[in-house]
Each structure stands twice: as structure tokens, then as C-alpha cells.
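Chain residues, written in single-letter form:
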Amino acid sequence: MVKNFVLALMLVAMTASPTLAKTIVFATDATWPPMEFVGPDKKITGLAVDLMEAAGKEAGFTPEFKAVAWDGIFAGLASGKYDAICSSVTITDERKAAMDFSTPYMQVKQALVIPKKSDAKCIENMKGKTLGAQISTTGHFAVKKSEGVKDKSYDEVGLAFEDLFNGRIDGVVCDDPVAKLYALKKDNYKDAMKIACIIPADDEMYGVAVKKGDKETLALINKGLEAVKKKGIEKEILTKWLGTAE
Amino acid sequence: MSNDNPIIRITDVSKYFDTVAALTHVSLDIGQGEKVVIIGPSGSGKSTLLRTINRLEDISTGRIVVDGFDLDDKTVDINKVRMEVGMVFQSFNLFPHKTVLQNLTLAPIKLKGMSEKEADVMARQLLDKVGILEKADVFPAKLSGGQQQRVAIARALAMSPKIMLFDEPTSALDPEMIGEVLDVMVKLAREGMTMVCVTHEMGFAREVADRIVFMDEGQILEIATPAQFYTNPQHPRTQKFLEQIL
Amino acid sequence: MKHQGKCAVEEPQIIIDVGDGAAIPKPSDKGLVSAWRLSFAGALLVLGYLLVFHPDPYLRIFKFIPDGILITFQVTVCSIALALVFGLITGLGRISRNKYVNLVASTYVEIVRGVPLLVQLFYIYYALGRIVHVPDLLAAVLSMSVCYGAYMGEVFRAGILAIPTGQTEAARSLGFSRTQTMYYVVLPQAWRTILPPVGNEFIALLKDTSLVSILGVADLLRRGREFASESFLYFETFTMVAVVYLIITLVLSKLVSIMEERLSHHVKR
Ligand SMILES: Nc1ncnc2c1ncn2[C@@H]1O[C@H](COP(=O)(O)OP(=O)(O)O)[C@@H](O)[C@H]1O
Ligand SMILES: [Mg+2]
């Protein structure tokens, strides 16, 4: 009894611990290494996580990450299940109409990954082929935009790579950091796949999404991101996760 | 009747269901064209004995030869033997998903390669013989018990068997229907069919049987002509049994 | 006094109830306001209303999903056909006198029943992928059939066992082999007891095909999810998806009930 009571007290104390910093709950689809993914210790980790933690230190907020499936992630923001989305969200006009974005924190491109033995140069050589991508990512949109290419959408990009590895699809399109990780670093895959090309398109920017009109949260995040950039912490983080800083 | 060249030869047969002895050291020879009626109290092994003749029951020890085929011989195709041995059950067991006519034609068509036309003609003759031709195209469920049993006899006859086995064919019938079935059986007997009948119908036994076999507790206790059997039974247990049923 | 004669030939009235699908309409539900009619008319009305009065976004959604419906349909039909084959083999295996056949069939059923369908889908899809290169649609169909084959195997087994032994004995005494007896006498009768629960399995299977969307198979649900996550119209999209599933399911349940009626027709007294 007493033990339980003490435990309960401790719990209350912990959750209500008087860190003055505001907690911001970030939704993330942690299946997108190296940007955000679940590490061996079952904690959500990755480049984006480091970045938000650094930003939080600078601007005075505590980031808390919550794993959410990608295809419902925007709906959850709208219904107030969390404060922000930090999940390699590319800033697009359609998305800007539905939510507000922070200043961009990273620039990415769409990469096409194909089997090593394939001699296709880029997406224009993939007519009649099936390309996989994570559902409703910019990679998926790029596939759908290419004429004569069949698209196949997955809940997680990793499943697309496995299907590519097993020969069920002919290629995968995704953000270049992710493509590099899967196609160049993963044990089984690196001998079987290659990055064919970067699909020519306008540059893509990752931004943190907040609910439309949530100025307070947005200001905190922007403040943190700016400080991190100025102090060169951002470079450190990029180098840590991508090997290069550009 | 002469037993010089018996068509059924049962020699020292025992049959156990687990530890229950259903038959113990039973021997019986039945001649071509002979009519044998088996009588005995319930559970005495009559059905079991009958069912060993077409190997619906395997025997534990002993030997049974039917029309020259040793039933325990692995090279003997039991299905061939069964085609020569018709069987009529207490509960009719007509095929409910087939019409009366189809009940008769199914086996000859599938097993003897008879053409549908041939089988049809033959089946109608048999139905006429058992007095039920007008029900040829009806499903069995529409018939009375007596009618069903007559169809069942006709179905067995449709394979032109050399031997007919009857296991209490009238026991499941309302009294007013017993006569119609017995009439058919008498007719069959007159045509010279070899018949082994388990039945307690005394009139039938007196009129048709060449020999009556009395069984009790898995053994044959007495074999006699009907006249002897009913007027002058030898074994005390036969006497007791007859006292009970008369 | 001896009345059991008539009962002895009564067809088996075994009802094996395994329903988790839409109710299959019974002939007794013939009335104008049966649950089936109500749901079907309601679903059609809702669909019509949405398309006519709110073409934006419902017509857009409706135009986006047809290939998904086709895939759902294909997966369902192929899986049903294959699951029936697996089910029959399993059912026969489960009643086989051969110890090993029996053991294999029983183990298969045990394993399939003990693993969630979703996990099986992932497992078969990706495990199979490592061994042989099967296209995704076929892999999805195989996974569904392996699972439902086990369920149907149990239904087949129960249906076969429900046929009185007298039927088998009558057939065997005429000279039919074991296989012939099964084919000509037992199975045709077993169908009638088997069809209602198998029909339920059909419908459950149809609904469970939505799980293959997880494998990236572009079925109705996945098309809906794609549309929703791109347009942010979650409520509208899933309203549409649900209505379409409901209509398909109700049509299938009607088909099953028609089949049932056909099958039982000729033995009606
Ligand atoms: N399939 C069976 N399994 C176990 N015991 C059986 C089976 N069939 C018959 N018996 C037993 O064998 C004995 C003889 O039965 P049966 O031949 O049916 O007798 P009857 O036909 O004379 O009434 C009875 O003791 C019965 O309980
Ligand atoms: Mg008996």
C-alpha cells in the first residue's frame, strides 16, 4: 500500500517536474532512417531527433517524440493529437494550405534506387515498370507524375526496399539520405542495389509542420532552428548522420 | 442344400472390438442358392457376422472365403468382391441427394461402366419388380419406410450380386409396412438368390429359410431347419430365447 | 411403437455457425424489410446521395478507387477458389486414416489458427519473397488462401463427419472405393451443411483482403489511404471506402444465399 503510494507520488512528481521548458510533442513516422527511426534501444532517434533536441536546448523547449504511421500523420495534427510533425515532411503548396511550416531545416532530393544489374539510367527508362515508394511521400508523387510508370505505395519505405530486393518491383523512389542509407549501407541491400539517379525536380525542403495558426509553437521551433544553424551545431549533426555537411 | 462347394466359407472367425469379443470361433458354410436366417438376442454378434462377409468389418482371426476370394488376401480387390455381395441395412441408407432411379443407377454406371440408357432400363425393371416404379424420379425423403427399404433392395440388386445380405431389414419399419418388404424378399428367394438374413420374422424364416442359425454371445449355438428349430430346439438358450419372443 | 424408421433417413440438420461476416440472407428473411435489404438499399442510397449532391470530393474519390476495387475483387475470388482447394485437402487430411497425413493436416491447422492473419501475411509475403520470386498479387492470394484454407478445412471436416456412417457403408457395400464414396456420396451431401459456414468464410475473407493493403497491394483500402493521405480528406475518403466495401460484401452474401437455395432445392420435401 505505502509502496504503491510512494510510487504514485513519484510518478506525479516526474510528470509534473518543474522544468520550466515547454514540452512540444512531435509526431514522427520513425521508419525513415537516418532522419528518424527506432534505434536498437527502442528509442526514436536520428538526425531530425538530434536537431530538435539541439533546437530545444537553444530555444527552451523539451521535444518529445511520438511514433505515428505516415498515412495518418497529418490527420492527427489537425485533430490536436500532438503539437507538431517532425518527420521529413517536404514543404509543398498543398501541405502549406493545410498547416503551417517552420523555416526549412534540410534540403533533399528524390533518388531512384534500382537493382545493381539494371542498366536504366533514370526514371525515364522505367516505362512499364513498377516503382515503389512510401505512401503519399514526395517520392510517391514523383513516381505518379512519371508517365508510363506504375506506382506501388507502401506503409513504410523499408517494405518497398524489401520488395525491390525480392524482385517484386523494379525500383524505389525516396529522399536521398534514406536512399543512401538503404542502397549503400545496409548489409544485404548494398550488394544488390544502386542509386540510379537523382530525379530532376525543384529542390525539396524539410520543414516542421504545426497546426494552422499555432504561432507560439512555430516561433519556438524557428528560434531554436536559427540558433542551431548560427552556432554550427547543425553542421555537426549533419556530419554525424550523413557523413557530409551539405 | 449341398454344402460341397459353399459360396461363403467362414472358418473359425473371431472378432474383437478392442477387448469386447463380438465373435468367437465362428464357422459356417453357406451353399450356392442357400437361404440362411440368423437369429439371436441383441448384441449376440449377428450384425458383426453379416458385416464380415463383405468386410465392412475386418476379422481378428480366422478366414472367410467368398465366391473363391479369400477376404484377407492382400491381392484380392475387396471392391470387386463387394460388387458381388449386396447388402440391405436396417436404416435403408438411401442416398438422399439422388432420386430413386439415380440411387439404383449410380453404382452400375460408375463401377461397371454401364451406359446411362442401359442402367436406366435395368433400374426401371428392378423398380417394377419391387413395385415402386411410379416413384422413380422422386427423392428418397418423400417415400415411406417400406418404400425406401424396397428401393434399397433394388439398389443392391442393380449390381447383379450373387449374394444378398440383410441386416434386420424390417426392424425399423412400422408394422403395416413389414409385409411389403418381406414379399420382395420372398420373391427374391424364389428366384434362387443366395441370401443371409438377420431377421426375427418367424413367418419369413419358416417359409424361406433352408437353415436357421442361432447365435448368442458371439457364438453359433445351434443350426437347424426351420421345422426343427421352432418345434424342437436343442440348446437350452435357444429354448429360452424362443420362449421370450413367442 | 417402432417409429425410428422415419427418423433414420432424415438428413443431418447440423448447423455449423462461424459467422463474422455480413449475415447471409435466409429464405425466411424474404420480407421487404429484411436486414439485408435495409443495409443494401441504405448503402446504395448513401452512395448515390454523396455522388450526386457532393461530387466534390466524393466523385473524385470514387474515380480514384476503381482499380483498387478490381484488385480487391481479384484477390477475393482467387483466394476463395484456392482456399476451397486447400480447405478440402486439409479437411480430408484431418479425417485421413493415414497417421502422417493426418498429423501434417492437423499441424497446419494448428499453426495457422495460432498466428494472426496479419502476421501470416507479412511472413508468407516476405518469407516467400526470399525463396521464390512471386509477384505481389499472387503472394497476397497465397497468403490469404493458406490462412483461410485452414479455417475452411475445419468446416469441411465437420461437414464430412456430419454425414451418417450408414451412407459410407451403403456406398462401400456396393463396391465404391473410399475415394469414390467420398466423391459420389459424402461430399455432395456434405456441401449442404458446409456451404453456410463456408459462405461466412467467403465474406470474412473478402473483408480480410483489406489486410493485403499492408503489403502494398493496391486494393480498395490502399487506394483509399493514398487518396486520403494526399488530400487530407480522411473522413470523406473512408466513408466512401466503407460504403463500397459494404456494397460488395452484401452482394457476395446475397450470392452465397442464392447458391444455398439452389443446393437445397432438390432435396426439399
Ligand atoms: N463398432 C463397434 N465398436 C465396438 N463394439 C461393437 C461395435 N459393433 C458391435 N460391437 C459390439 O459387438 C457385439 C455384437 O454386436 P452386434 O454384432 O451389433 O450384435 P447384434 O447385431 O446381434 O445385435 C456387441 O457387444 C456390441 O456392443
Ligand atoms: Mg444388429
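The name recorded for chain C in an unreviewed UniProt entry is Putative glutamine transport system permease protein GlnP, from Solidesulfovibrio aerotolerans. In UniProt, chain C has this text filed under Function (unreviewed entry): "Part of the binding-protein-dependent transport system for glutamine; probably responsible for the translocation of the substrate across the membrane." You can read under Sequence similarities (unreviewed entry) in the UniProt record for chain C the words "Belongs to the binding-protein-dependent transport system permease family. HisMQ subfamily."

Under the annotation held in an unreviewed UniProt entry, chain B carries the name ATP-binding cassette domain-containing protein and is attributed to Solidesulfovibrio aerotolerans. On record in UniProt, under Sequence similarities (unreviewed entry), the comment for chain B is "Belongs to the ABC transporter superfamily."

Moving on to the environment of Val172 of chain A. Examined against the element boundaries, Val172 of chain A turns out to sit in strand S11 (residues 171-175). Separated by 29 residues in sequence, Val172 of chain A and Val143 of chain A have C-alpha atoms that sit 9.0 Å apart.

Residues and elements named next belong to chain A. Strand order in the open sheet formed by five strands is S5-S1-S6-S13-S7, and the pairing between neighbours is mixed. Looking at the sheet topology across the chains shown, the edges are occupied by strand S5 (61-67) and strand S7 (99-101). Bridge analysis of strand S6 (residues 84-85) against strand S13 (residues 209-211) gives two bridges, and the strand direction is antiparallel. Note that in S13 the partner of Ile85 across the bridge is Ala209. Packing of helix H2 (residues 47-59) onto the sheet brings it into contact with strand S1 (22-28) and S5, and relative to S5 it is tilted by some 155°. Here helix H9 (residues 215-230) sits on the sheet in contact with S1, S5, S6, S7 and S13, set at roughly 90° to S1.

For this structure, the chain pair with the highest number of contacts among two pairs of chains in contact is chains B and C. A gap remains between chain A and chain B, with no contact made and the closest C-alpha atoms lying 48 Å from each other.

It is worth spelling out the UniProt feature "transmembrane region" (unreviewed entry) in chain C at this point. Residue and element names in this part refer to chain C. Mapped onto this numbering, the UniProt entry annotates "transmembrane region" (unreviewed entry) at residues 35-52, 64-89, 101-125 and 232-252. Split by type, residues 64-89 is 96% helix and 0% strand. Its first and last C-alpha atoms lie 39 Å apart. Secondary structure content for residues 101-125 is 92% helix and 0% strand, while the C-alpha to C-alpha distance between its ends is 26 Å.

Before going further, it helps to examine the interface of chain C and chain B. Where interface size is quoted, it is often the accessible area lost as the parts come together. Tallying the contact residues gives 28 residues for chain C and 33 residues for chain B. In total, about 2,800 Å² of surface goes out of reach between chain C and chain B, with carbon and sulfur atoms giving 62% of it. In this structure, the connection of chain C to chain B is made through one salt bridge. Among the ionic pairs, Arg51 of chain B bridges to Glu169 of chain C, the shortest N-O distance being 2.6 Å. Taken together, the links from chain C to chain B amount to four residue pairs in polar contact (both at pLDDT 80 or more). Broken down by secondary-structure element, the contributors of at least two residues to the side of chain C that touches chain B are helix H1 (4-7), helix H8 (165-174) and helix H9 (178-208) of chain C. Ranked by the residues each element gives to the side of chain C that touches chain B, the list is headed by H8 of chain C, at eight residues.

In this section: the site of ligand 1. Residue and element names in this part refer to chain B. Residues in close proximity to ligand 1 include Phe17, Ala22, Pro41, Ser42, Gly43, Ser44, Gly45, Lys46, Ser47 and Thr48, which together make up its full environment. In this structure, an oxygen atom belonging to ligand 1 sits 2.7 Å away from a main-chain N or O atom of Gly43. With respect to ligand 1, the side chain of Thr48 contributes an N or O atom lying 2.4 Å from an oxygen atom. No other element matches helix H1 (residues 46-53), which puts three residues into the shell around ligand 1.

With that out of the way, let us pick up the UniProt feature "domain: ABC transporter" (unreviewed entry) in chain B. Mapped onto this numbering, the UniProt entry annotates "domain: ABC transporter" (unreviewed entry) at residues 8-242 of chain B. Its end C-alpha atoms 27 Å apart, residues 8-242 of chain B is made of 39% helix and 26% strand.

Residues and elements named next belong to chain B. Most of strand S9 (residues 211-216) is tucked away, with six of its six residues classed as buried. Side chains of S9 alternate between two faces, with Arg211, Val213 and Met215 and Ile212, Phe214 and Asp216 buried alike. Where S9 meets strand S10 (residues 219-224), five bridges bridge the pair, whose relative direction is antiparallel. Across the sheet, the residue bridging to Met215 is Ile220, located in S10. In this structure, the hairpin formed by S9 and S10 is closed by a connection of two residues, where Glu217 is found at a positive phi of approximately 50°.

Under the defined criterion, the tally for this structure stands at 32 salt bridges over all chains. The closest approach of N and O atoms between Lys162 of chain B and Glu84 of chain B, which form a salt bridge, is 3.5 Å. In this pair, Lys162 of chain B sits in the loop between helix H5 (145-157) and strand S7 (163-167) while Glu84 of chain B sits in helix H2 (residues 78-84), placing the two residues 78 residues apart along the sequence. For Arg94 of chain C, the salt bridge is made with Glu154 of chain C, and the minimal N-O distance between the two is 2.8 Å. Taken together, the positions of Arg94 of chain C in helix H4 (residues 66-94) and Glu154 of chain C in helix H7 (residues 136-161) put the pair 60 residues apart, joining distant regions of the chain. Of the residues examined, Arg94 of chain C reaches a relative accessible area of 17% and is grouped as buried.

As a further point, take helix H6 (residues 175-190) of chain B. Residue and element names in this part refer to chain B. Taking 1.5 Å as the rise per residue, H6 with 16 residues should run 22 Å; its terminal C-alpha atoms sit 24 Å apart, in good agreement. For H6, the complete set of buried residues consists of Met177, Ile178, Val181, Leu182, Val184, Met185, Val186, Leu188 and Ala189. Where H6 is buried, its residues contact strand S3 (35-39), helix H4 (116-129), H5, S7, strand S8 (194-198) and helix H7 (202-208).

To continue, consider helix H5 (residues 99-114) of chain C. For the α-helix, the turn length of 3.6 residues means that residues three or four positions removed from each other point alike. Residue and element names in this part refer to chain C. If you check H5, its first and last C-alpha atoms are 22 Å apart, about what 16 residues at 1.5 Å a residue would give, namely 22 Å. Where H5 is buried, its residues contact H4, helix H6 (117-131) and H7. A distance of 2.8 Å separates the backbone nitrogen of Tyr100 from a side-chain oxygen at the start of H5, and that oxygen is part of Asn98.

Counting 92 residues, the largest nonpolar core has Phe26, Tyr105, Phe161 and Ile221 of chain A as the members making the most contacts within it. Filtering out sequence-adjacent residues up to four positions away, Ile221 of chain A remains in contact with Ile24, Phe26, Phe61, Ala84, Ser102, Val208 and Val210 of chain A. Val88, Ala123, Ile132 and Ala205 of chain B belong to the second-largest nonpolar core, a separate cluster that totals 51 residues.

Criteria and cut-off values
Residues numbered from 1 in each chain as written. Chains lettered and ligands numbered in written order. Predicted model: local features only at pLDDT ≥ 70, side-chain atom pairs only at ≥ 80, totals over all residues. Heavy atoms only, no water. UniProt positions renumbered as here; feature names shortened; annotations may be inferred. Helix = DSSP H or I, 4+ residues; strand = E, 2+ residues; numbered from the N terminus. Pairing = 2+ DSSP bridges. Contact = heavy atoms within 4.5 Å. Axes fitted to C-alpha atoms, helices over the stretch in contact; angles between N-to-C directions. Buried area = accessible area lost by both parts, 1.4 Å probe. Salt bridge = Lys/Arg side-chain N within 4 Å of Asp/Glu carboxyl O. Polar contact = N/O pair within 3.5 Å; in protein donor to acceptor, adjacent residues only side chain to side chain. Near = heavy atom within 4 Å. Buried < 20%, exposed > 50% of the residue type's maximum accessible area, 1.4 Å probe, protein only. Expected span 1.5 Å × (residues − 1). Core = buried A, V, L, I, M, F, W, Y, C linked by side-chain atoms within 4.5 Å.

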